[in-house]
Amino acid sequence: MEDMEMEVAPVSSEPSVIVVSESGSSTEEEDVPMQVQGPSERPRLSARRVVRRRHIGQIGSHSQFSTHEGRIRRLRELIVENLAERLSGSQDAQRSVPRVNPPPLDPEPSSSRTAAAANVATSDESSATGSSVSTEAEETRAAAQPDESQRETEPVSESEDPVTAAASPAGETEADEGEGETCSICFEPWTTAGDHRLAALRCGHLFGYICISRWLTSGGNKCPQCNKAAKRGHIIFLYARKLKALDNAEEVRLKSRLELEQGSRRMEQLEVAQCRQQMQLMVDENVRLRKEVEELRRWKAQAAFGGSSQGASLPSSQRQDSSSGGHYVFSKAVLVSQTGGSRVLSYCEPLGCLLASQPSPQATLVPGFGVKKISTATLKPSQYVPIHSKQIRGLAFSRHQDSLLLSAALDNTIKLTSLMTNTVVQAYNTGRPVWSCSWCHDNNNYIYAGLASGSVLVYDTRDTSTHVQELAPLRSSCPVVSLSYIPRAASSMFPCGGLIAGTLEGGCFWEHMEGTTYTPHILPLESGNCTDIQVEPDSRHCLVTYRPGRANPSLRCVLMELSRTPQTDSSQRPVCSCSPVQTFIAGSSCKLLTKNAVFKSPAGEGATLVCAGDEATNSTMVWDAGTGALLQKMPADLPVLDICPFGVNQSSYLASLTEKMLKVYKWE
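Residues numbered from 1 in each chain as written. Predicted model: local features only at pLDDT ≥ 70, side-chain atom pairs only at ≥ 80, totals over all residues. Heavy atoms only, no water.

1. Focus on the overall build of the protein
Per the secondary structure count, the protein includes eight helices and 31 strands. Excluding contacts between residues fewer than 6 apart, the proportion of contacts in the protein whose partners are at least 24 apart in sequence is 50%. Counting only carbon and sulfur atoms, one obtains 52% of the accessible surface of the protein, whose full area is about 35800 Å². (Helix = DSSP H or I, 4+ residues; strand = E, 2+ residues; numbered from the N terminus. Contact = heavy atoms within 4.5 Å. Areas by Shrake-Rupley, 256 points an atom, 1.4 Å probe, with all protein chains shown as cover.)

2. Quick look at the sheet that holds strand E18 (residues 498–503)
In sheet architecture, strand pairing relies on hydrogen bonds along the backbone and comes in two forms, parallel and antiparallel. Pairing in this open sheet of four strands is antiparallel, and the strands run E17-E18-E19-E20 from one edge to the other. Single-partner strands in this sheet number two, and they are strand E17 (480–486) and strand E20 (517–523). Averaged over all adjacent pairs, the angle separating strand axes in this sheet is 20 degrees, with direction ignored. As defined by bridge partners, E17 adjoins E18 across six bridges and the pair is classed as antiparallel. By the bridge assignment for E18, Tyr485 is matched with Leu499. (Pairing = 2+ DSSP bridges. Axes fitted to C-alpha atoms, helices over the stretch in contact; angles between N-to-C directions.)

3. Overview of helix H7 (residues 209–217)
The set of residues buried in H7 consists of Cys211, Ile212, Ser213 and Leu216. Contact partners of the buried residues in H7: strand E2 (206–208). (Buried < 20%, exposed > 50% of the residue type's maximum accessible area, 1.4 Å probe, protein only.)

4. Here we look at the environment of Val385
Examined against the element boundaries, Val385 turns out to sit in strand E8 (residues 381–388). A residue is classified by how much of its surface remains accessible, and Val385, at 1% relative accessible area, is buried. Val385 sits 36 residues away from Thr421 along the chain, and the two C-alpha atoms are 9.9 Å apart. Sequence-distant contacts of Val385, that is, excluding residues within four places in its chain, are made with Gly370, Val371, Lys373, Thr417 and Asn422.

5. As for the side chain of Ser403
Topologically, Ser403 is positioned in the loop between strand E9 (392–397) and strand E10 (404–409). Judged by its relative accessible area of 7%, Ser403 is buried. Once residues within four sequence positions are removed from consideration, Ser403 is found in contact with Cys348, Pro350, Leu351, Thr417, Ser418, Leu419 and Met420.

6. Topic: unusual backbone geometry
In this structure, Asn412 takes a positive phi of about 70 degrees despite not being glycine. The topology assignment puts Asn412 in the loop between E10 and strand E11 (413–418). Positive phi is not limited to glycine here, since Asn649 has a value of about 55 degrees. For Asn649, the position within the fold is in the loop between strand E29 (642–648) and strand E30 (651–657). For Asn649, a relative accessible area of 70% gives the class exposed.

7. Some details on the side chain of Thr545
Structurally, the position occupied by Thr545 is in strand E22 (residues 541–546). Among the polar contacts listed, one links the side chain of Thr545 to the side chain of Asn596, at a separation of 2.7 Å. Among residues more than four places away in sequence, those in contact with Thr545 are Asn529, Cys530, Thr531, Asp532, Leu555, Arg556, Cys557 and Asn596. (Polar contact = N/O pair within 3.5 Å; in protein donor to acceptor, adjacent residues only side chain to side chain.)

8. Section: the nonpolar core
Ranked by size, the top nonpolar core spans 18 residues in total, and within it Ile500, Leu525, Val544 and Met560 carry the most contacts. Taken together, the elements giving at least two residues each to this core come down to strand E21 (530–536), E22, strand E23 (556–564) and strand E24 (576–585). When neighbours within four sequence positions are excluded, Ile500 is seen to be in contact with Ser482, Leu483, Ser484, Ile486, Cys508, Phe509, Leu523, Ile533, Val535 and Leu562. Among the nonpolar cores identified, the runner-up in size contains 16 residues, and Tyr347, Leu354, Ala655 and Leu662 belong to it. (Core = buried A, V, L, I, M, F, W, Y, C linked by side-chain atoms within 4.5 Å.)

9. Thoughts on a nonpolar patch on the surface
On the surface, Met279, Val283 and Val287 cluster together into a nonpolar patch covering about 260 Å² of accessible area. Within the secondary structure, Met279 is located in helix H8 (residues 249–304). (Patch = residues over 30% accessible without salt bridge, like charges linked within 9 Å, V, L, I, M, F, W, Y side chains within 5 Å. Salt bridge = Lys/Arg side-chain N within 4 Å of Asp/Glu carboxyl O.)

10. A closer look at the sheet that holds E9
The four strands are arranged E9-E10-E11-E12 in an open sheet whose pairing can be described as antiparallel. The open sheet is flanked by E9 and strand E12 (423–429), the only strands paired with a single partner. Adjacent strand axes in the sheet meet at a mean angle of 20 degrees when their direction is disregarded. One ladder, built from five bridges, connects E10 with E11; its direction is antiparallel. If you follow Ser407 over to E11, its bridge partner there is Lys415.

11. What about the packing of aromatic side chains?
Counted under the stated rule, the structure contains 10 aromatic pairs. Arranged with centres 4.9 Å apart and planes meeting at 75 degrees, the rings of Tyr328 and Trp667 form a pair that is edge-to-face. One end of the pair, Tyr328, is in strand E4 (residues 328–335); the other, Trp667, is in strand E31 (residues 661–667), and 339 residues separate them in sequence. Like Tyr328, the residue Trp667 is buried in the burial classification. Put simply, the rings of Tyr347, Phe646 and Tyr653 touch in pairs and so form one group of aromatic residues. The positively charged end of Arg393 is found above the aromatic ring belonging to Trp435, 4.6 Å away from the centroid. (Phe/Tyr/Trp six-rings, centres within 6.5 Å; stacked < 30°, edge-to-face > 60°. Lys NZ or Arg CZ within 6 Å of the ring centre and 35° of its normal.)

12. Focus on the confidence of the model for the protein
In this model, the protein carries an average pLDDT of 76, and 71% of its residues clear a pLDDT of 70 or more. The model gives residues 1–65 a pLDDT under 50, and that stretch makes 89 contacts with residues more than four places away or in other chains. Here residues 97–137 is modelled with pLDDT under 50, and outside its nearest four sequence neighbours on either side it reaches 42 contacts, counting other chains as well. (pLDDT = per-residue confidence, 0-100.)

13. Looking at the environment of Lys380
Among the secondary structure elements, Lys380 is positioned in the loop between strand E7 (369–375) and E8. For the pair Lys380 and Ala333, spaced 47 residues apart in the sequence, the C-alpha separation amounts to 9.3 Å. Beyond its immediate stretch of four places on either side in the chain, Lys380 contacts Lys332, Lys373, Ile374 and Ser375.

14. Observations regarding the pairing of strand E28 (residues 630–635)
Direction of pairing for strand E27 (residues 619–624) relative to E28: antiparallel, over a ladder of five bridges. By the bridge assignment, Trp623 is partnered in E28 with Leu630. From the end of E27 to the start of E28, which pair antiparallel, there are five residues, and Gly628 there has a positive phi angle of about 75 degrees.

15. What about the pairing of E23?
Of all nine residues making up E23, seven are buried, and the element is well covered by its neighbours. With six bridges connecting them, E22 and E23 associate as antiparallel partners. Opposite Leu543, over in E23, you have Leu559 as the bridge partner. Of the strand pairs in this sheet, E23 and E24 are connected by nine bridges, and their pairing is antiparallel. Among the inter-strand pairings, Leu562 is bridged to a residue of E24, identified as Cys578.

16. Focus: the pattern of salt bridges
This structure, assessed with the given rule, holds 11 salt bridges. Across the pair Glu77 and Arg74 runs a salt bridge, and its minimum N-O distance is 3.7 Å. Of this pair, Glu77 and Arg74 both sit in helix H2 (residues 68–96), three residues apart, which is roughly one turn of the helix. Judged by relative accessible area, Glu77 falls into the partly exposed class, the value being 38%. Linking Arg288 and Glu285 is a salt bridge whose minimum nitrogen-to-oxygen distance equals 2.3 Å. Here Arg288 pairs with Glu285, and both are found in helix H8, just three residues apart, close to one helical turn. Its relative accessible area of 33% is what places Glu285 among the partly exposed residues. Each of the salt bridges in this network shares a partner with another, and the network as a whole consists of Glu285, Arg288 and Glu292.

Here's what the structure looks like:
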């Protein structure tokens, strides 16, 4: 009311009309009460009122109110009606809208305003100017006060009402905004797809699916919020339109695309690995063909000079004094098993490690037998791999199946073990103890197991059920102590490929015709004393070991050359046989089945070395196969059981195995 500003028209003899209005119309009288204007509106409002009052004064003689008493009576009626209307509206608004704070006290009661209006009506007519000013002030006050009451009782929106804002704390507002958006277990927004999609229990509480599933799976049998009984079968998915959930459809789509990309990448890596394997096979085939070409040239040169490779001695290319080419120098001794029990030795070229069989070092925790890895780079034992439940008698590697080890044991099984993962990938039950094993180097899908009954079982790695063929013994049922496969070589004087099986009663060559067809050839070996047969595949020679007997009291290693009779009749098949080339004499004791070795000399130029363990002197003996001369005798603490040559970084080594130790020698 204090902000109201009114203009008083100048006193004139003509009757004047008081106009309470804020509009710009030219009507003589308006029932709309005056609104309180801001400070910026006062000058403009005052100017309009002055102009309008002057205009009214000019036309006052034509007004419908002819006397001063009529004007006062009319003004009183308007004020009373306006007050009654405003008061009734204020009471209805107060009953409909609850108020927190009481309304401000009216500085001037309505009875005072009514009394003031009555006083104005009965005032002295002679003071026209004073009565006009007083009347206008009372009218303005009466018109402005109901506006304030109406403004207090008018309903407002939640965002503009200060009372509602004061009644709703900020904490409750934020809590209401956050409710219905996040999972009450992980406090993360749930989603419309994927593992964390919106789900609910029968009690009605909402969670992310993966969170409530884990909660109920891990032992919680109640709802995390209300503790009502719940289980996984109570979980349901929700499809709510107005419930706020994080849209992660794009994220799920990107994850699925990522999984597809990763799968395609793994397939590409597999294809790359297969291509590398095929390339390695082609490289090996190229090397083999080059060797055959060189061998053909050598045979052609010998035939031109009338020489022959057959006879009681080696070819002239192998009759060289290898003693001048170098010798073995002790490098390092490695402890394999403290309790003993080591038996066989093998070398894995792709992984660069030696493998020695041994009993489990923790027999109480992991009983059985396995192999110990020995790095050829550092010559240190690295890891033990358990494989069989009984002693291992044979180890063999394929030329093409990298890091896949074939092992034979007395527990009636042969097994394929991946040295990349150190796990057994395939096991075959033979039904009888296995003494030896070998790979087929002409077809890498076939493997052989030499049994204690004298039979040889042929297995196909593509068939995991049972063996595909059994090669029955031709003579006595003695254990097959050694198996060696000779690959085909069309350019060689002995082109056949097949399996040489050595028993205590002699040897047999099983010629591999095709598929699973084999033709047996009995080798002319001494009966009753054969302990081991090893093969050198390039020169097509085999080393036969005989134990001491009545006729020969010393250990003998006889180098044999395989031969094949020419086929003169189509009805008769060629006969494969062997003839002795060189004999090497060792000690007079042989109680153990020692595995010897024949291999190319590191000195090169076609020379061949023969190595055998001498049980009488506990040493490893090295001979030159061409001259039969003893080159070295390397001492050992215990009888040598197995010998394995290998090469690392253009250097040649020789490893000899006893029950406990492994000794490594380097060629210099």
